[in-house]
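Each chain, letter by letter, is given below.
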Amino acid sequence: MDQKQLFVVGAGVVGLTTAIRALEAGYKVTVFAEIFPTDPKSIKYTSFWAGANHLSFAESGALMEVLEKDTLNEFLDLIKQDPLVPAMTRTHFGLYETLSGAQERLDHFSQFYPDFRSLDASECPAGVVGDVVAGHSWTTICIDVPRYLLYLLERFFKLGGQAFRTTIPSLSSLVSANGRPSMEVFGLNSSSGPQTPTMNPVAVINCTGLGAFSLQDVLDTDVYPTSGQTIIIRAPWVQPSIIYYFANSDISYIIPRQSGDIVLGGSWGVDDWHATSRPEIAKAIKERGVRIYPELLPPGKREKGDINDLDVIAECVGLRTSRKTGVRLETTVLEVDGKKIPVIHNYGHGGGGYQSSWGSAKHVMKLLGELD
Ligand SMILES: Cc1cc2nc3c(=O)[nH]c(=O)nc-3n(C[C@H](O)[C@H](O)[C@H](O)COP(=O)(O)OP(=O)(O)OC[C@H]3O[C@@H](n4cnc5c(N)ncnc54)[C@H](O)[C@@H]3O)c2cc1C
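Residues numbered from 1 in each chain as written. Predicted model: local features only at pLDDT ≥ 70, side-chain atom pairs only at ≥ 80, totals over all residues. Heavy atoms only, no water.

Chemist: Pulling in residues and values, what's your account of the nonpolar core?
Modeler: Counting 70 residues, the largest nonpolar core has Val 29, Tyr 148 and Phe 156 as the members making the most contacts within it. It is helix H4 (residues 145-158) that provides the largest number of residues to this core, a total of eight residues. Apart from residues lying up to four places away in sequence, Phe 156 is in contact with Ala 19, Ile 20, Leu 23, Val 29, Val 31, Gly 161, Gln 162 and Ala 163. Counting residues in each nonpolar core, the second largest holds 24 residues, with Leu 119, Val 128, Ile 254 and Ile 262 among its members. (Core = buried A, V, L, I, M, F, W, Y, C linked by side-chain atoms within 4.5 Å. Buried < 20%, exposed > 50% of the residue type's maximum accessible area, 1.4 Å probe, protein only. Helix = DSSP H or I, 4+ residues; strand = E, 2+ residues; numbered from the N terminus. Contact = heavy atoms within 4.5 Å.)

Dropping the structure here:
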(Lines give C-alpha, C1' and ligand atoms only; values in the text may rest on other atoms or scores of the structure.)
Protein backbone atom coordinates (compact mmCIF):
# COMPACT_ATOMS: atom_id res chain seq x y z
CA MET A 1 0.00 0.00 0.00
CA ASP A 2 1.27 3.51 -0.84
CA GLN A 3 2.37 5.58 2.14
CA LYS A 4 -0.01 8.45 2.94
CA GLN A 5 1.54 11.80 2.03
CA LEU A 6 1.33 14.73 4.39
CA PHE A 7 2.40 18.34 3.94
CA VAL A 8 3.53 20.36 6.96
CA VAL A 9 3.95 24.09 6.41
CA GLY A 10 6.39 25.67 8.88
CA ALA A 11 9.66 24.48 10.41
CA GLY A 12 9.49 26.14 13.82
CA VAL A 13 9.20 24.07 16.99
CA VAL A 14 5.52 23.39 16.25
CA GLY A 15 5.99 22.31 12.60
CA LEU A 16 9.04 20.11 13.23
CA THR A 17 7.51 18.40 16.28
CA THR A 18 4.33 17.69 14.32
CA ALA A 19 6.30 16.40 11.34
CA ILE A 20 8.26 14.02 13.61
CA ARG A 21 5.09 12.59 15.15
CA ALA A 22 3.56 12.12 11.70
CA LEU A 23 6.67 10.30 10.42
CA GLU A 24 6.60 8.07 13.49
CA ALA A 25 2.94 7.31 12.73
CA GLY A 26 3.93 6.11 9.24
CA TYR A 27 3.10 9.12 7.05
CA LYS A 28 5.43 10.29 4.30
CA VAL A 29 6.04 13.87 5.37
CA THR A 30 7.23 16.89 3.43
CA VAL A 31 7.92 20.14 5.28
CA PHE A 32 7.69 23.45 3.41
CA ALA A 33 9.06 26.58 5.06
CA GLU A 34 10.65 29.91 4.40
CA ILE A 35 12.98 29.63 7.43
CA PHE A 36 14.69 26.59 8.97
CA PRO A 37 16.68 26.21 12.23
CA THR A 38 20.04 26.37 10.43
CA ASP A 39 19.28 29.83 8.96
CA PRO A 40 20.46 33.13 10.42
CA LYS A 41 18.13 34.27 13.19
CA SER A 42 15.08 36.07 11.84
CA ILE A 43 12.21 37.96 13.45
CA LYS A 44 9.94 35.96 11.13
CA TYR A 45 10.83 32.75 12.99
CA THR A 46 9.68 32.99 16.62
CA SER A 47 11.16 29.69 17.77
CA PHE A 48 14.72 31.12 17.70
CA TRP A 49 13.89 33.63 20.43
CA ALA A 50 12.19 31.61 23.16
CA GLY A 51 13.47 31.08 26.73
CA ALA A 52 12.31 28.29 26.98
CA ASN A 53 10.97 26.58 30.04
CA HIS A 54 7.69 24.95 31.09
CA LEU A 55 5.46 27.41 32.94
CA SER A 56 1.82 26.71 32.28
CA PHE A 57 -0.38 29.69 31.33
CA ALA A 58 -3.38 27.54 30.46
CA GLU A 59 -6.80 28.15 31.87
CA SER A 60 -8.15 25.29 33.88
CA GLY A 61 -10.12 22.92 31.63
CA ALA A 62 -8.90 24.53 28.39
CA LEU A 63 -7.40 22.50 25.53
CA MET A 64 -4.07 24.23 26.19
CA GLU A 65 -3.92 22.59 29.62
CA VAL A 66 -4.08 19.13 28.04
CA LEU A 67 -1.44 20.08 25.44
CA GLU A 68 0.90 21.40 28.12
CA LYS A 69 0.45 18.33 30.36
CA ASP A 70 1.14 15.94 27.48
CA THR A 71 4.21 17.98 26.56
CA LEU A 72 5.57 18.03 30.12
CA ASN A 73 5.29 14.24 30.28
CA GLU A 74 6.90 13.83 26.87
CA PHE A 75 9.87 16.02 27.84
CA LEU A 76 10.32 14.16 31.15
CA ASP A 77 10.41 10.86 29.22
CA LEU A 78 12.75 12.26 26.55
CA ILE A 79 15.22 13.50 29.15
CA LYS A 80 15.16 10.12 30.92
CA GLN A 81 15.61 8.15 27.70
CA ASP A 82 18.17 10.29 25.91
CA PRO A 83 20.88 12.10 27.88
CA LEU A 84 21.83 13.96 24.70
CA VAL A 85 18.50 15.75 24.29
CA PRO A 86 19.20 19.49 24.68
CA ALA A 87 16.75 19.96 27.53
CA MET A 88 17.10 19.42 31.27
CA THR A 89 15.02 19.38 34.42
CA ARG A 90 15.58 22.21 36.88
CA THR A 91 13.83 23.42 40.00
CA HIS A 92 11.65 26.36 39.03
CA PHE A 93 10.95 29.05 41.63
CA GLY A 94 8.09 31.55 41.42
CA LEU A 95 8.78 34.38 43.87
CA TYR A 96 6.34 37.12 44.83
CA GLU A 97 6.74 40.54 46.43
CA THR A 98 2.96 40.68 46.85
CA LEU A 99 0.32 38.02 46.49
CA SER A 100 -2.49 40.30 45.36
CA GLY A 101 -4.08 38.85 42.24
CA ALA A 102 -1.86 35.77 42.31
CA GLN A 103 -4.24 33.32 43.96
CA GLU A 104 -5.84 32.05 40.75
CA ARG A 105 -2.43 31.44 39.20
CA LEU A 106 -1.25 29.64 42.33
CA ASP A 107 -4.33 27.38 42.38
CA HIS A 108 -3.62 26.46 38.76
CA PHE A 109 0.08 25.74 39.32
CA SER A 110 -0.64 23.66 42.42
CA GLN A 111 -2.99 21.43 40.45
CA PHE A 112 -0.86 21.32 37.30
CA TYR A 113 2.62 20.42 38.55
CA PRO A 114 2.81 17.10 40.43
CA ASP A 115 5.66 18.23 42.71
CA PHE A 116 4.34 21.79 43.31
CA ARG A 117 5.39 23.10 46.72
CA SER A 118 4.45 26.35 48.49
CA LEU A 119 7.45 28.10 49.99
CA ASP A 120 7.76 30.75 52.61
CA ALA A 121 10.12 33.70 52.29
CA SER A 122 12.94 31.83 54.09
CA GLU A 123 13.02 29.17 51.36
CA CYS A 124 14.17 31.46 48.54
CA PRO A 125 16.88 29.90 46.39
CA ALA A 126 20.40 30.90 47.43
CA GLY A 127 21.52 34.18 45.93
CA VAL A 128 18.08 35.78 45.54
CA VAL A 129 17.86 39.26 47.06
CA GLY A 130 14.47 40.91 47.39
CA ASP A 131 11.33 41.51 49.40
CA VAL A 132 9.85 38.08 48.79
CA VAL A 133 6.69 37.37 50.78
CA ALA A 134 5.84 33.98 49.28
CA GLY A 135 6.83 31.57 46.59
CA HIS A 136 6.49 28.12 45.14
CA SER A 137 8.60 25.58 43.33
CA TRP A 138 8.22 22.63 40.99
CA THR A 139 10.31 20.70 38.48
CA THR A 140 10.35 22.45 35.13
CA ILE A 141 12.00 21.69 31.80
CA CYS A 142 14.68 24.11 30.57
CA ILE A 143 15.14 23.78 26.82
CA ASP A 144 18.36 24.90 25.13
CA VAL A 145 16.48 26.44 22.22
CA PRO A 146 19.21 26.78 19.52
CA ARG A 147 20.40 23.20 20.11
CA TYR A 148 16.91 21.78 20.51
CA LEU A 149 15.76 23.12 17.13
CA LEU A 150 18.75 21.40 15.49
CA TYR A 151 17.94 18.22 17.42
CA LEU A 152 14.38 18.30 16.03
CA LEU A 153 15.62 18.92 12.49
CA GLU A 154 18.08 16.04 12.69
CA ARG A 155 15.45 13.71 14.14
CA PHE A 156 13.08 14.71 11.31
CA PHE A 157 15.63 13.86 8.61
CA LYS A 158 16.70 10.63 10.33
CA LEU A 159 13.08 9.48 10.24
CA GLY A 160 13.02 10.02 6.47
CA GLY A 161 11.35 13.43 6.23
CA GLN A 162 12.00 15.68 3.28
CA ALA A 163 11.94 19.46 3.14
CA PHE A 164 11.65 22.33 0.69
CA ARG A 165 12.42 25.99 1.19
CA THR A 166 9.68 28.21 -0.20
CA THR A 167 7.57 31.22 0.73
CA ILE A 168 3.97 30.44 -0.06
CA PRO A 169 1.28 33.08 -0.68
CA SER A 170 -1.45 30.61 0.35
CA LEU A 171 -1.84 26.99 1.45
CA SER A 172 -3.75 26.29 -1.79
CA SER A 173 -0.71 27.23 -3.84
CA LEU A 174 1.03 24.04 -2.65
CA VAL A 175 -1.62 21.77 -4.14
CA SER A 176 -2.81 23.80 -7.12
CA ALA A 177 -2.10 22.68 -10.67
CA ASN A 178 -1.79 26.34 -11.64
CA GLY A 179 1.86 26.55 -10.74
CA ARG A 180 3.45 26.11 -7.38
CA PRO A 181 5.59 28.84 -5.85
CA SER A 182 9.29 28.33 -6.58
CA MET A 183 11.02 26.08 -4.09
CA GLU A 184 14.36 24.48 -3.45
CA VAL A 185 15.33 21.30 -1.69
CA PHE A 186 16.39 21.86 1.90
CA GLY A 187 18.84 19.24 3.27
CA LEU A 188 19.32 15.92 1.49
CA ASN A 189 17.78 12.94 3.07
CA SER A 190 18.86 10.05 0.88
CA SER A 191 21.32 9.37 -1.92
CA SER A 192 18.47 9.48 -4.43
CA GLY A 193 17.46 12.96 -3.17
CA PRO A 194 13.97 14.08 -2.27
CA GLN A 195 11.10 13.19 -4.52
CA THR A 196 8.94 15.89 -6.02
CA PRO A 197 6.08 16.22 -3.54
CA THR A 198 2.74 14.93 -4.70
CA MET A 199 -0.15 17.31 -5.47
CA ASN A 200 -2.47 15.07 -3.48
CA PRO A 201 -1.50 14.94 0.19
CA VAL A 202 -4.06 13.46 2.57
CA ALA A 203 -3.85 16.76 4.46
CA VAL A 204 -1.91 19.98 4.84
CA ILE A 205 -0.87 20.88 8.40
CA ASN A 206 -0.64 24.62 8.90
CA CYS A 207 2.14 25.39 11.43
CA THR A 208 2.96 28.89 10.21
CA GLY A 209 2.80 30.74 13.54
CA LEU A 210 2.38 34.46 12.89
CA GLY A 211 2.40 33.63 9.14
CA ALA A 212 -1.28 32.63 9.50
CA PHE A 213 -2.04 36.36 9.71
CA SER A 214 -1.08 36.92 6.06
CA LEU A 215 -1.61 33.63 4.19
CA GLN A 216 -4.27 34.51 1.60
CA ASP A 217 -6.55 31.59 2.38
CA VAL A 218 -6.16 31.83 6.16
CA LEU A 219 -5.98 35.60 6.89
CA ASP A 220 -6.52 34.99 10.59
CA THR A 221 -6.95 38.48 12.07
CA ASP A 222 -7.06 36.95 15.58
CA VAL A 223 -3.32 36.40 15.25
CA TYR A 224 -1.06 39.09 16.70
CA PRO A 225 2.50 39.36 18.04
CA THR A 226 3.45 39.80 21.68
CA SER A 227 7.02 40.98 21.53
CA GLY A 228 9.52 39.80 24.10
CA GLN A 229 12.99 41.12 24.77
CA THR A 230 15.64 38.97 26.43
CA ILE A 231 19.34 39.16 27.25
CA ILE A 232 21.53 36.09 26.72
CA ILE A 233 24.25 35.97 29.37
CA ARG A 234 27.15 33.58 29.88
CA ALA A 235 26.70 32.32 33.47
CA PRO A 236 27.20 28.52 33.63
CA TRP A 237 27.07 28.58 37.45
CA VAL A 238 23.36 29.54 37.50
CA GLN A 239 21.24 26.50 38.37
CA PRO A 240 17.58 27.35 39.10
CA SER A 241 14.86 28.64 36.79
CA ILE A 242 13.35 31.72 38.45
CA ILE A 243 10.42 34.00 37.81
CA TYR A 244 10.16 37.01 40.11
CA TYR A 245 6.96 39.06 40.41
CA PHE A 246 7.68 42.61 41.64
CA ALA A 247 5.12 44.57 43.66
CA ASN A 248 4.79 47.09 40.79
CA SER A 249 3.80 44.27 38.35
CA ASP A 250 7.22 44.07 36.64
CA ILE A 251 8.46 40.55 36.08
CA SER A 252 11.99 39.13 35.81
CA TYR A 253 12.73 35.63 34.63
CA ILE A 254 15.91 33.56 34.45
CA ILE A 255 16.15 30.36 32.43
CA PRO A 256 19.40 28.34 32.39
CA ARG A 257 20.46 26.46 29.27
CA GLN A 258 22.54 23.30 28.92
CA SER A 259 25.19 25.34 27.08
CA GLY A 260 25.88 27.40 30.22
CA ASP A 261 24.15 30.48 28.81
CA ILE A 262 21.14 31.84 30.62
CA VAL A 263 18.17 33.76 29.28
CA LEU A 264 17.21 36.85 31.26
CA GLY A 265 13.79 38.35 30.53
CA GLY A 266 11.57 39.85 29.88
CA SER A 267 9.01 42.08 28.29
CA TRP A 268 5.52 41.67 26.85
CA GLY A 269 4.61 44.11 24.05
CA VAL A 270 1.06 43.33 22.99
CA ASP A 271 0.52 43.82 19.23
CA ASP A 272 4.06 45.17 18.91
CA TRP A 273 5.75 44.20 15.61
CA HIS A 274 8.95 46.14 16.45
CA ALA A 275 11.77 43.85 15.31
CA THR A 276 14.85 45.14 17.13
CA SER A 277 15.84 45.30 20.78
CA ARG A 278 14.98 48.65 22.40
CA PRO A 279 17.99 49.78 24.49
CA GLU A 280 15.89 51.21 27.34
CA ILE A 281 14.00 47.92 27.76
CA ALA A 282 17.25 45.91 27.59
CA LYS A 283 18.75 48.12 30.31
CA ALA A 284 15.69 47.72 32.56
CA ILE A 285 15.76 43.92 32.14
CA LYS A 286 19.43 43.82 33.16
CA GLU A 287 18.90 46.14 36.13
CA ARG A 288 15.95 44.15 37.46
CA GLY A 289 17.85 40.87 36.99
CA VAL A 290 20.99 42.02 38.78
CA ARG A 291 18.95 43.58 41.59
CA ILE A 292 17.14 40.35 42.51
CA TYR A 293 19.87 37.88 41.52
CA PRO A 294 23.42 39.31 41.65
CA GLU A 295 24.67 35.78 40.84
CA LEU A 296 24.06 36.66 37.21
CA LEU A 297 27.37 38.54 37.50
CA PRO A 298 30.70 36.71 37.45
CA PRO A 299 32.22 35.84 40.87
CA GLY A 300 34.08 38.82 42.33
CA LYS A 301 31.82 41.34 40.58
CA ARG A 302 28.61 40.78 42.49
CA GLU A 303 28.97 43.29 45.26
CA LYS A 304 29.14 46.30 42.96
CA GLY A 305 26.03 45.12 41.09
CA ASP A 306 27.06 46.86 37.86
CA ILE A 307 25.11 45.66 34.80
CA ASN A 308 28.15 46.47 32.65
CA ASP A 309 29.91 43.51 34.30
CA LEU A 310 27.36 41.04 32.91
CA ASP A 311 28.89 38.73 30.29
CA VAL A 312 26.29 39.61 27.66
CA ILE A 313 26.24 37.46 24.53
CA ALA A 314 23.22 38.97 22.82
CA GLU A 315 20.29 41.32 23.28
CA CYS A 316 17.30 39.76 21.57
CA VAL A 317 13.70 40.34 20.61
CA GLY A 318 11.16 37.83 19.38
CA LEU A 319 7.45 37.93 18.56
CA ARG A 320 5.31 35.47 20.48
CA THR A 321 2.71 33.84 18.23
CA SER A 322 -0.38 35.10 20.09
CA ARG A 323 -4.01 34.61 19.08
CA LYS A 324 -7.04 36.33 20.62
CA THR A 325 -9.04 33.11 20.85
CA GLY A 326 -6.10 30.91 21.84
CA VAL A 327 -4.35 28.12 20.01
CA ARG A 328 -6.00 26.99 16.75
CA LEU A 329 -6.14 23.21 16.45
CA GLU A 330 -8.93 22.34 14.07
CA THR A 331 -9.68 20.95 10.61
CA THR A 332 -10.97 22.95 7.67
CA VAL A 333 -11.20 22.05 3.98
CA LEU A 334 -9.46 23.67 1.00
CA GLU A 335 -11.19 23.45 -2.36
CA VAL A 336 -8.54 23.58 -5.08
CA ASP A 337 -9.01 22.66 -8.76
CA GLY A 338 -12.14 20.69 -7.85
CA LYS A 339 -10.30 18.73 -5.13
CA LYS A 340 -11.09 18.90 -1.42
CA ILE A 341 -7.98 18.87 0.76
CA PRO A 342 -8.24 18.85 4.55
CA VAL A 343 -6.18 21.42 6.40
CA ILE A 344 -5.31 20.93 10.06
CA HIS A 345 -4.36 24.21 11.69
CA ASN A 346 -1.76 24.12 14.46
CA TYR A 347 -0.70 27.66 15.33
CA GLY A 348 -1.32 30.48 17.80
CA HIS A 349 0.56 29.01 20.80
CA GLY A 350 1.54 32.48 22.09
CA GLY A 351 4.26 32.32 24.74
CA GLY A 352 3.92 28.55 25.10
CA GLY A 353 4.83 26.88 21.81
CA TYR A 354 7.61 24.76 23.33
CA GLN A 355 5.69 23.70 26.40
CA SER A 356 2.69 22.64 24.28
CA SER A 357 4.57 21.31 21.20
CA TRP A 358 4.32 17.54 21.77
CA GLY A 359 0.74 17.76 23.02
CA SER A 360 -0.22 19.79 19.92
CA ALA A 361 1.42 17.22 17.65
CA LYS A 362 -0.51 14.46 19.42
CA HIS A 363 -3.75 16.40 18.89
CA VAL A 364 -2.96 16.79 15.18
CA MET A 365 -2.53 13.01 14.96
CA LYS A 366 -5.97 12.61 16.54
CA LEU A 367 -7.52 15.03 14.00
CA LEU A 368 -5.73 13.18 11.18
CA GLY A 369 -7.16 9.89 12.43
CA GLU A 370 -10.66 11.39 12.29
CA LEU A 371 -10.25 12.08 8.53
CA ASP A 372 -10.21 8.37 7.63
C1 LIG B 1 10.93 36.12 24.29
C2 LIG B 1 10.17 34.83 24.12
C3 LIG B 1 10.18 33.90 25.15
C4 LIG B 1 9.47 32.70 25.00
N5 LIG B 1 9.54 31.78 26.02
C6 LIG B 1 8.87 30.61 25.90
C7 LIG B 1 8.95 29.63 26.94
O8 LIG B 1 9.62 29.83 27.96
N9 LIG B 1 8.26 28.47 26.77
C10 LIG B 1 7.52 28.23 25.64
O11 LIG B 1 6.90 27.16 25.55
N12 LIG B 1 7.43 29.14 24.65
C13 LIG B 1 8.08 30.32 24.75
N14 LIG B 1 7.98 31.26 23.75
C15 LIG B 1 6.99 31.05 22.68
C16 LIG B 1 7.51 30.16 21.55
O17 LIG B 1 8.74 30.67 21.09
C18 LIG B 1 6.48 30.15 20.40
O19 LIG B 1 5.20 29.79 20.90
C20 LIG B 1 6.89 29.12 19.35
O21 LIG B 1 8.22 29.33 18.95
C22 LIG B 1 5.98 29.21 18.12
O23 LIG B 1 6.47 28.27 17.19
P24 LIG B 1 5.86 28.09 15.74
O25 LIG B 1 6.53 26.91 15.17
O26 LIG B 1 4.36 28.11 15.82
O27 LIG B 1 6.25 29.45 14.96
P28 LIG B 1 7.64 29.88 14.29
O29 LIG B 1 8.78 29.46 15.10
O30 LIG B 1 7.51 31.34 13.99
O31 LIG B 1 7.70 29.08 12.93
C32 LIG B 1 6.86 29.41 11.84
C33 LIG B 1 7.35 28.64 10.62
O34 LIG B 1 6.42 28.88 9.55
C35 LIG B 1 7.11 29.33 8.41
N36 LIG B 1 6.22 30.18 7.62
C37 LIG B 1 5.38 31.14 8.05
N38 LIG B 1 4.73 31.71 7.02
C39 LIG B 1 5.18 31.08 5.90
C40 LIG B 1 4.91 31.21 4.51
N41 LIG B 1 4.02 32.10 4.02
N42 LIG B 1 5.58 30.41 3.63
C43 LIG B 1 6.48 29.49 4.08
N44 LIG B 1 6.78 29.34 5.38
C45 LIG B 1 6.13 30.11 6.27
C46 LIG B 1 8.33 30.07 8.98
O47 LIG B 1 9.35 30.21 8.00
C48 LIG B 1 8.72 29.11 10.10
O49 LIG B 1 9.45 28.03 9.59
C50 LIG B 1 8.71 32.45 23.84
C51 LIG B 1 8.74 33.37 22.79
C52 LIG B 1 9.46 34.56 22.92
C53 LIG B 1 9.48 35.53 21.78
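Chemist: Give a description of the sheet that holds strand E1 (residues 5-9) that names residues and reports values.
Modeler: Pairing is mixed in the open sheet, where seven strands are placed in the order E7-E6-E2-E1-E8-E16-E15. In this open sheet, the two edge strands, each paired with only one partner strand, are strand E7 (184-186) and strand E15 (328-336). Averaged over all neighbouring strand pairs, the angle between strand axes comes to 25°, with direction disregarded. As paired elements, strand E6 (residues 162-165) and E7 share three bridges and run antiparallel to each other. Across the sheet, Ala 163 pairs through a bridge with Phe 186, a residue of E7. (Pairing = 2+ DSSP bridges. Axes fitted to C-alpha atoms, helices over the stretch in contact; angles between N-to-C directions.)

Chemist: Run through the pattern of salt bridges, naming residues and quoting values.
Modeler: Pairing is possible between side chains of opposite charge, provided their charged atoms come close. This structure, assessed with the given rule, holds 21 salt bridges. The partner of Lys 286 in a salt bridge is Glu 315, with the nearest N and O atoms 2.7 Å apart. Pair noted here: Lys 286 is in helix H5 (residues 279-292) and Glu 315 is in strand E14 (residues 312-323), with a separation of 29 residues, a long-range link. Under the relative-accessibility criterion, Glu 315 is labelled partly exposed at 38%. Among the salt bridges present, the one from Glu 330 reaches Arg 328, with a minimum N-O distance of 2.6 Å. (Salt bridge = Lys/Arg side-chain N within 4 Å of Asp/Glu carboxyl O.)

Chemist: Describe unusual backbone geometry, with residues and values.
Modeler: Going from Gly 51 to Ala 52, the amide bond is cis rather than trans, its omega being 0°. Relative to the elements of secondary structure, Ala 52 occurs in the loop between strand E2 (28-33) and helix H2 (63-81). Following Gly 265, the chain continues to Gly 266 via a peptide bond in cis, the omega torsion being -5°. By secondary structure assignment, the location of Gly 266 is in the loop between strand E12 (261-265) and strand E13 (269-270). The residue Leu 219 is not glycine, and still its phi comes out positive at about 40°. Within the secondary structure, Leu 219 is located in the loop between strand E8 (203-206) and strand E9 (223-234).

Chemist: Quick one: what's the story with the site of the ligand, residue by residue and with numbers?
Modeler: What surrounds the ligand is a group of 38 residues, the closest being Ile 35, Ser 47, Gly 350, Gly 353 and Gln 355. Val 13 has a polar backbone atom sitting 3.4 Å from an oxygen atom of the ligand. In the model, an oxygen atom of the ligand is placed 2.7 Å from a nitrogen or oxygen of the Gln 355 main chain. When contributions to the shell around the ligand are tallied by element, the ones reaching two or more residues are helix H1 (13-24), E9 and E14. With four residues, the single largest contributor to the shell around the ligand is E14. (Near = heavy atom within 4 Å. Polar contact = N/O pair within 3.5 Å; in protein donor to acceptor, adjacent residues only side chain to side chain.)

Chemist: Kindly report on H2, identifying the contributing residues and their values.
Modeler: The end-to-end C-alpha distance of H2 is 27 Å, a good match for the 27 Å that 19 residues give at a rise of 1.5 Å each. Residues of H2 that are buried in the fold lie against strand E3 (87-96), helix H3 (103-112), strand E5 (134-143), H4, E15 and helix H6 (357-369). (Expected span 1.5 Å × (residues − 1).)

Chemist: Help me get a handle on the pairing of E2, residues and values and all.
Modeler: Among the six residues that make up E2, six are buried, leaving the element largely enclosed by the rest of the structure. With burial as the criterion, each face of E2 is covered, one bearing Lys 28, Thr 30 and Phe 32 and the other bearing Val 29, Val 31 and Ala 33. By the bridge criterion, five bridges tie E1 to E2 in an arrangement that is parallel. Within E2, the residue paired with Leu 6 across the bridge is Val 29. Between E1 and its parallel partner E2, the chain crosses via H1, and the hand of that crossover is right-handed. Two strands pair when backbone bridges link them, and E2 and E6 are joined in this way by four bridges, in the parallel orientation. Among the inter-strand pairings, Phe 32 is bridged to a residue of E6, identified as Phe 164. (Right-handed = clockwise from strand over helix to strand, strands pointing away.)

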